[in-house]
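# Overview (structure and organization)
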Amino acid sequence: MANESGILILGEVDDSGKLASSTRALCGLAHGLAASLGAEVSAALLGSGVRNAAEELAACGPARVFLAEDEKLSVYNPGIHLPLIKSLCKSEGPRVVLVAHSTMGQDLAPRLSYEIGGGVVTDCVGISVDGSALKCSKPIYGGNVIAGYSATVAPLVITVRSGVGDAPAPGAHPAGIVEALGAEVPSAASAQVTERIKETGEEIGLEEAPAVVSGGRGIGGPEGFSELSKLAGVLGGAVGASRPPVDSGWVPSTSQVGITGKIISPELCVAVAISGSSQHLSGMADSRTVVAINNDPDAYIFKVSDYGVVGDWRSVLPAFTEKLAGLLKGGEQQ
Ligand SMILES: Cc1cc2nc3c(=O)[nH]c(=O)nc-3n(C[C@H](O)[C@H](O)[C@H](O)COP(=O)(O)OP(=O)(O)OC[C@H]3O[C@@H](n4cnc5c(N)ncnc54)[C@H](O)[C@@H]3O)c2cc1C
């Protein structure tokens, strides 16, 4: 049945097949909006072997979770995913479609809005209801300005930046039901994914990591990044970088944080030998706690940090890592 004031969440799974934390956060956001719109929340999950993730998604409160499972859906391919989601939007008629501002979301959202004759706002950090309009805010000019957009067009496809929205607490909403999406999975698409190469060393994705240790030009070379990896290992986090280490080939491009890199929102971000350019900050501004290590007391990064150490990272970082490892180990033993 069409649900024309409804909110549809397009869910995703992470590399291990579990429900992505970004999808849980979308559920929290959707429930807040639903209360203002008087709308029902539903969700869709497309993939291969994602039944358990669909149940997890239903437990986050969408009344209905539309599940499509097929080997052809194991890797995102717009030629296969898009027709299914379009068909769902046509039958359900949601007013709002929420998708994470992930690799998939960035590709899918504009295509979907075109296909369903709707509007699109990407990379939102805030959504609210204002009379008959939806108000979306998003950072522009490298994060220096937050722009407001007011949209009355429906359906409106919105991509949401990672770290926005809180996953609903377990049991906060009645669990929904999982049902088949119903549309036929296209047998072929004009473009095929022929190979996926997993970046070695990236055990935890930057966007998902609870802690990120990022290095900048002042690290001086690839060897220094192994010191950053040690701290990331102690924190159970991932290693990031500003652009110069990427441009210099010290770390892979997938490590880059910033306006032309990844947008991160960890609990803890340790910025080592990074000056704090606006292009870098726009990728890490949503970090909950920022610790900076820099030998320049006037470095801008200190202005946006909760804690700062002025000093050469070569002497500060090993001692910091060792102390932290000891404290965490001590905590575990208690
Ligand atoms: C269109 C465009 C897009 C861009 N996109 C991005 C992006 O996505 N991400 C990004 O990061 N940048 C991006 N940049 C580049 C950005 O403008 C900056 O040049 C870059 O962020 C600077 O990186 P950095 O802080 O590592 O280097 P620097 O600005 O050179 O800073 C190095 C810092 O290390 C400190 N330091 C040096 N030695 C030591 C030491 N031994 N111990 C402690 N501290 C030390 C210095 O005091 C300094 O503060 C972009 C630029 C453009 C034009």
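What you are looking at is a predicted structure, and each value in this text was computed from that prediction instead of being measured.

## Structural notes on the sheet that holds strand β15 (residues 307–310)
- What the five strands build is an open sheet, ordered β12-β11-β13-β14-β15; its pairing is parallel. Here the strands that pair on one side only, and so sit at the sheet edges, are β12 (238–241) and β15. Sheet twist, expressed as the average angle between the axes of neighbouring strands with direction ignored, equals 15°.
- Pairing of strand β11 (residues 211–215) with β12 involves four bridges; the strand directions are parallel. Along β12, the bridge assignment pairs Ser214 with Gly240.
- Helix α5 (residues 222–235) contacts β11, β12 and β13 (268–272) of the sheet and is inclined by roughly 170° relative to β11.

## Structural notes on the sheet that holds strand β7 (residues 133–140)
- As summarised here, the arrangement of the three strands in space is β6-β7-β8, forming an open sheet in which the pairing is antiparallel. The strands lining the two open edges of the sheet, one partner per strand, are β6 (126–130) and β8 (145–151). Each neighbouring strand pair of the sheet contributes to a mean axis angle of 25°, computed without reference to strand direction.
- With five bridges connecting them, β6 and β7 associate as antiparallel partners. Its bridge partner lying in β7, Ser128 is registered against Lys135.

## Quick notes on the site of the ligand
- Taken together, 26 residues surround the ligand, and among them Gly216, Gly218, Ser242, Gly258 and His280 come closest.
- Broken down by secondary-structure element, the contributors of at least two residues to the shell around the ligand are α6 (243–247), α7 (278–284), β14 (289–294) and α8 (313–333).
- Among the elements that take part in the shell around the ligand, α7 stands out by supplying three residues, more than any other.
- Per-class residue counts for the shell around the ligand are seven nonpolar, 14 polar and five charged.

## Notes on the domain arrangement of the chain
- Split into domains, the chain comes out as domain 1 (7–180) and domain 2 (211–333).
- On the side of domain 2, nine residues touch domain 1, which itself brings seven residues to the contact.
- For the side of domain 1 that touches domain 2, a count of residues per class yields one nonpolar, five polar and one charged.

Conventions and cut-offs
Residues numbered from 1 in each chain as written. Predicted model: local features only at pLDDT ≥ 70, side-chain atom pairs only at ≥ 80, totals over all residues. Pairing = 2+ DSSP bridges. Helix = DSSP H or I, 4+ residues; strand = E, 2+ residues; numbered from the N terminus. Axes fitted to C-alpha atoms, helices over the stretch in contact; angles between N-to-C directions. Contact = placed C-beta atoms within 7 Å. Near = placed C-beta within 6 Å. Nonpolar A, V, L, I, M, F, W, Y, C, P; charged D, E, K, R; others polar. Domains from an automatic or database assignment.

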